[in-house]
Structures are given as structure tokens and as C-alpha cells.
Amino acid sequence: FYFVSAVIKCIVGNHVNIYFIVLAAIQAGVLIYVYRKYSSRYLVSFFLFIASTDYISWLFNGIRQFLAVTITFIGIKFILDKKYAKAIILILIAIILLGATFHASALLMIPIIFIVQGKAWNKKTLLFMVAVIVIVAGIGQFTNVLDSMLAETQYKNVVSDWQSWNDNGTNALRVLVYAVPSVLSLIGLRFIRNEDDKVINLCTNMSI
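Scoring rules and cut-offs
Residues numbered from 1 in each chain as written. Predicted model: local features only at pLDDT ≥ 70, side-chain atom pairs only at ≥ 80, totals over all residues. Heavy atoms only, no water. Helix = DSSP H or I, 4+ residues; strand = E, 2+ residues; numbered from the N terminus. Buried < 20%, exposed > 50% of the residue type's maximum accessible area, 1.4 Å probe, protein only. Contact = heavy atoms within 4.5 Å. Areas by Shrake-Rupley, 256 points an atom, 1.4 Å probe, with all protein chains shown as cover. 1 Å grid on protein atoms, 1.4 Å probe; cavity = no way out; pocket = protein on both sides within 12 Å on 5 of 7 lines; lining within 4 Å. Points joined across faces, edges and corners; volume = space filled by probe spheres on them. Nonpolar A, V, L, I, M, F, W, Y, C, P; charged D, E, K, R; others polar. Patch = residues over 30% accessible without salt bridge, like charges linked within 9 Å, V, L, I, M, F, W, Y side chains within 5 Å. Salt bridge = Lys/Arg side-chain N within 4 Å of Asp/Glu carboxyl O. Axes fitted to C-alpha atoms, helices over the stretch in contact; angles between N-to-C directions. Parallel < 35°, antiparallel > 145°, perpendicular 65-115°, else oblique. pLDDT = per-residue confidence, 0-100. Polar contact = N/O pair within 3.5 Å; in protein donor to acceptor, adjacent residues only side chain to side chain. Left-handed = near helix turned anticlockwise from the far one by under 90°.

Draft legend 1. Geometry of the overall build of the protein. Check the secondary structure of the protein and you find 14 helices and 0 strands. For the protein, the α and β elements follow one another from N to C terminus as α-α-α-α-α-α-α-α-α-α-α-α-α-α. Burial analysis of the protein (208 residues in total) assigns 31% to the buried set. Sequence-distant contacts in the protein: of pairs separated by 6 or more residues, those separated by 24 or more amount to 57%. As displayed, the protein offers around 13500 Å² of accessible surface, 70% of which is attributable to carbon and sulfur atoms.

Following this line, the structure appears as C-alpha cells:
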């Protein structure tokens, strides 16, 4: 990330606003490309992204993380076509090759690209959901494991900060809003099954 930042700054000089605009434009450009390619209602899709206010927390705040996200996101074609080697290489590029690890949490995408394959709400996805619920139920033990895993990384204080601030890092309303696509897909599962569109199946399982 620092390398990419340095390259951009070599081009734009000490113009901080332009630097941020260039980074945001790269990320937004990827979103526009993917939405344009796969959305049945392109403008609605982009409106939902803007209306969700995610652009504030991602394009402006989580720039480093979102660069990793967009690099992975542009590889949706590989995931849809089950070209796992190419998808994994792209994820690794997001993590390793573009300088000092953009965001190692992108590694989570490697098992997920296998889990989300198949029809919407399939047994594999449901099993994964149950596993997450079990982890959440034993969150005390899980945070200890997570703390140990992050001990030698730049995120070593994340879990201890959550505990000392008594803050889990999110809001219940945010969780409810993000749950809407999954709930709607469950209500309209019959239509999704009849359509059997691989993009809709993938998006539904990713949403779950």
C-alpha cells in the first residue's frame, strides 16, 4: 500500500486531495465496472451502494482495506466460473504482491469462494452459518484465540481494545440493515430457485 501510495504521490506531487481522489477513483472504477457487467439494474445497484453510506466508511475511511476488497471484487468472474486458482492468485495479490500486505483479512475470502458455490441457501452455506453462530455463542473463547492469532500483527491490540472499551465495533442497526438481503432472499427463495441464475445464487450466499 505504501508503495502504491508513493507511486501516486510521485505523479501528483504533494497534492493530498488529488492523492485521495485517485485512490477513490480506482476503487469506485472497479465497483462501476462490476456493477455494470453483472447487475440487471445497474443504476439501482449503484444507488444502493451510495444510499447505504458505505462509500463514506470505505472509499474515505477504510481506503487501505477497500483497495484489497476491490482487487478481490473484480475477480468475481473467476469465482462464478469456478476458476479457483485465478481467484486465489488475485486474493494473494491483494494481500502480498502489492506491497506490505494491503489487508491480510482478505485471506478469509479463500475458503469463502468455495463455501458460496452452488444454489442459494444450500446445505454448505447453512452449515457455514451454523458454524458462525457456534463461534458467536462461544465468543469469549473465540476472542482469546483471535487475540493470539493477531499477537504478532499490526492488529495485536484490536481485541483487547474491544474488551477494554466494552465496544464490539458495530451497531445492532447496522447488522439488521445488512441482514435485509438475506431475509428477502429467504422469502423469495422459490423465485431464486426457479431462476437459478449463478450471479444471484452467488450474491445470495455471499450475503448470508
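Draft legend 2. Quick peek at empty space enclosed by the protein. On inspection of all chains with the given rule, the structure shows 1 cavity of 30 Å³ or more. Its residues assigned to classes, the lining of the largest cavity shows 5 nonpolar, 2 polar and no charged.

Draft legend 3. Expanded view of a nonpolar patch on the surface. On the surface, a nonpolar cluster with roughly 390 Å² of combined accessible area is contributed by Val180, Val183, Leu184 and Ile187. With respect to the element layout, leucine 184 can be found in helix H12 (residues 172–187). By relative accessible area, leucine 184 is classed as exposed at 54%.

Draft legend 4. Region of the structure containing the packing of helix H4 (residues 54–61) against helix H5 (residues 63–73). Closest axis-to-axis distance for the H4/H5 pair is 6 Å, and the angle between their directions is 100 degrees. Judged by the inter-axis angle, H4 sits roughly perpendicular to H5. Residues Trp58, Leu59, Phe60 and Asn61 of H4 touch H5, and the partners they reach there are Ile63, Gln65 and Phe66. The class makeup of the residues in the contact of H4 with H5 is 5 nonpolar, 2 polar and no charged.

Draft legend 5. Quick look at the confidence of the model for the protein. The share of residues in the protein with pLDDT of 70 or more is 79%, and the mean pLDDT across the chain is 82. When pLDDT is averaged over each helix and strand of the protein, the minimum, 59, is found for helix H10 (residues 139–149) and the maximum, 95, for helix H13 (residues 189–195).

Draft legend 6. Structural context of the side chain of asparagine 201. Its place among the elements puts asparagine 201 in helix H14 (residues 198–207). In this structure the side chain of asparagine 201 is engaged in a polar contact, spanning 3.2 Å, whose partner is the backbone nitrogen of alanine 120. Ignoring anything within four residues of it in the chain, the contact list for asparagine 201 reads Gly118, Lys119, Ala120, Ile192 and Asp196.

Draft legend 7. Spatial organisation of the packing of helix H1 (residues 2–12) against helix H2 (residues 16–38). Taken N-terminus to C-terminus, the directions of H1 and H2 make an angle of 125 degrees; their axes are 10 Å apart at the nearest point. As the angle between them shows, H1 and H2 are arranged oblique. With respect to the hand of their crossing, H1 and H2 are arranged in right-handed fashion. Side by side, H1 and H2 meet where Ser5, Ile8, Lys9 and Val12 of the first sit next to Ile18, Tyr19, Val22 and Leu23 of the second. Here the contact of H1 with H2 is built from residues that sort into 6 nonpolar, 1 polar and 1 charged.

Draft legend 8. Here's a closer look at the environment of threonine 72. Take threonine 72: it is sitting in helix H5. Threonine 72 sits in the buried class, given a relative accessible area of 10%. As for threonine 72 and isoleucine 89, which are separated by 17 residues in sequence, their C-alpha atoms are 9.6 Å apart. Non-local contacts of threonine 72, meaning those with residues more than four positions away in its chain, are made with Leu90, Ile91, Ala94 and Met109. A polar atom in the side chain of threonine 72 sits 2.9 Å from the backbone oxygen of alanine 68.

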